[in-house]
Amino acid sequence: MKFVKYPVASGSLLFNKLHFFLTSTITELIIHFLHGGFGFDVKIMRQLIRLRKMEDHDRSEQEEILDLYKRALGME
């Protein structure tokens, strides 16, 4: 498993919450969300889970296509 440096101090509360979220099972996450959640945007966290399940090359391809479309629409 590769670890990426986050722009958040590794001992911080935000880092710990994010690390727990990304390494937990779905059951653990459902329980936490039902009991007040983590304070993260649920829509974005679902997207992160979906992206995390993808193969690296598929994720890179999707990001490149999205960037291409955004540039074509003048969004970048």
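Keep in mind that this is a model prediction, so the values were computed, not measured. (Residues numbered from 1 in each chain as written. Predicted model: local features only at pLDDT ≥ 70, side-chain atom pairs only at ≥ 80, totals over all residues. Heavy atoms only, no water.)

(A) How the structure looks around the overall build of the chain. When you go through the chain residue by residue, the secondary structure sums to 4 helices and 0 strands. The order of helices and strands in the chain, counted from the N terminus, is α-α-α-α. In the chain, which comprises 76 residues, the share counted as buried stands at 13%. Considering only contacts in the chain between residues 6 or more positions apart, those separated by 24 or more positions represent 23%. Element-wise, carbon and sulfur atoms account for 61% of the exposed surface of the chain, whose accessible area totals about 6500 Å². (Helix = DSSP H or I, 4+ residues; strand = E, 2+ residues; numbered from the N terminus. Buried < 20%, exposed > 50% of the residue type's maximum accessible area, 1.4 Å probe, protein only. Contact = heavy atoms within 4.5 Å. Areas by Shrake-Rupley, 256 points an atom, 1.4 Å probe, with all protein chains shown as cover.)

(B) Inspection of helix 4 (residues 56-72) at higher detail. The end-to-end C-alpha separation of helix 4 is 24 Å, in line with the 24 Å expected for 17 residues at 1.5 Å each. Of the residues trailing helix 4, G74 is marked for its positive phi of about 70°. (Expected span 1.5 Å × (residues − 1).)

(C) How the structure looks around a negative patch on the surface. There is a patch of like negative charges on the surface, built from E55, D58, E61, E63 and E64. With respect to the helices and strands, D58 occurs in helix 4. (Patch = residues over 30% accessible without salt bridge, like charges linked within 9 Å, V, L, I, M, F, W, Y side chains within 5 Å. Salt bridge = Lys/Arg side-chain N within 4 Å of Asp/Glu carboxyl O. Lys, Arg positive; Asp, Glu negative; His and termini not counted. Charge placed at Lys NZ, Arg CZ, Asp CG, Glu CD.)

(D) Structural context of the environment of R52. For R52, the position within the fold is in helix 3 (residues 42-53). Classification of R52 by relative accessible area gives partly exposed; the value is 45%.

(E) Local environment of a nonpolar patch on the surface. On the surface, I65, L68 and Y69 cluster together into a nonpolar patch covering about 310 Å² of accessible area. Along the chain, the position of I65 falls in helix 4.

(F) Just the confidence of the model for the chain, in detail. With 68% of its residues at a pLDDT of at least 70, the chain reaches an overall mean of 76. By mean pLDDT, the top-scoring element of the chain is helix 4 (93), and the lowest-scoring one is helix 2 (residues 26-34) (68). (pLDDT = per-residue confidence, 0-100.)

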